[in-house]
Amino acid sequence: PMICSSWVLSALWNRGYSSSSVADDETAAKKTFQIWIDYCSIRILMELGLSLLITHSPIGGWFLFREVWYAALVMTFFRICYGRYGMKF
């Protein structure tokens, strides 16, 4: 749930759901990078808040790194494909 909500909040902040954000491959890649940077920030803040205020457990740094890295790869691929093929239907 935190992954999805972080990505949605970041995309809303960066207007990633507008059709102009996937106009061409370069725009889609740039917009995805902007969304990813904000996603990482939101995700880290959520993890810190959860750890400090609720669970009082250490943060899994390696897990968090893998999560944001794979999210960048998958979402860049998705946004470029959506820009190329999804807007035509």
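Right above here is the structure, for reference.
Residues numbered from 1 in each chain as written. Predicted model: local features only at pLDDT ≥ 70, side-chain atom pairs only at ≥ 80, totals over all residues. Heavy atoms only, no water.

**Q** How should I be thinking about the side chain of Ser 10 in this particular structure?
**A** Following the sequence through the fold, Ser 10 ends up in helix 1 (residues 2-13). A distance of 2.5 Å separates a polar atom in the side chain of Ser 10 from the backbone oxygen of Ile 35. With residues up to four places along the chain from it excluded, the contact list for Ser 10 reads Ile 35, Asp 38, Tyr 39 and Ile 42. (Helix = DSSP H or I, 4+ residues; strand = E, 2+ residues; numbered from the N terminus. Polar contact = N/O pair within 3.5 Å; in protein donor to acceptor, adjacent residues only side chain to side chain. Contact = heavy atoms within 4.5 Å.)

**Q** Please explain the packing of helix 2 (residues 25-55) against helix 3 (residues 61-85) as it appears in this structure.
**A** What describes two packed helices is the angle between their axes and the distance between those same axes. At a minimum axis separation of 9 Å, helix 2 and helix 3 run at an interaxial angle of 150°. On the basis of the axis angle, helix 2 is roughly antiparallel to helix 3. Here helix 2 runs over helix 3; the crossing is right-handed. Here Asp 25, Ala 28, Lys 31, Thr 32, Ile 35, Trp 36, Tyr 39, Cys 40, Arg 43 and Ile 44 of helix 2 lie close against helix 3, whose contacting residues are Leu 64, Glu 67, Val 68, Ala 71, Ala 72, Met 75, Thr 76, Arg 79, Ile 80 and Arg 84. (Axes fitted to C-alpha atoms, helices over the stretch in contact; angles between N-to-C directions. Parallel < 35°, antiparallel > 145°, perpendicular 65-115°, else oblique. Left-handed = near helix turned anticlockwise from the far one by under 90°.)

**Q** When you look at helix 3 in this model, what are you seeing that I'm missing?
**A** The α-helix winds at 3.6 residues per turn, so residues separated by three or four positions along the chain end up facing the same way. Taking 1.5 Å of rise per residue, 25 residues should cover 36 Å, and helix 3 covers 36 Å from first to last C-alpha, within 8% of that figure. Among the residues making up helix 3, those that are buried are Leu 64, Glu 67, Val 68, Ala 71, Ala 72, Arg 79 and Gly 83. On its buried side, helix 3 packs onto helix 1 and helix 2. (Expected span 1.5 Å × (residues − 1). Buried < 20%, exposed > 50% of the residue type's maximum accessible area, 1.4 Å probe, protein only.)

**Q** What should I look at first to understand the packing of helix 1 against helix 2 in this one?
**A** Remark: helix 1 packs on helix 2, axes separated minimally by 8 Å, with the N-to-C direction vectors making an angle of 135°. Between helix 1 and helix 2, the angle is such that the two are oblique. Here helix 1 and helix 2 pass one another in a crossing that is right-handed. Contacts from Met 2, Ile 3, Ser 5, Ser 6, Trp 7, Leu 9, Ser 10, Ala 11 and Trp 13 in helix 1 reach Ile 35, Trp 36, Asp 38, Tyr 39, Ile 42, Arg 43, Met 46, Glu 47 and Leu 50 in helix 2. Counted by class, the contact of helix 1 with helix 2 contains twelve nonpolar, three polar and three charged residues. (Nonpolar A, V, L, I, M, F, W, Y, C, P; charged D, E, K, R; others polar.)

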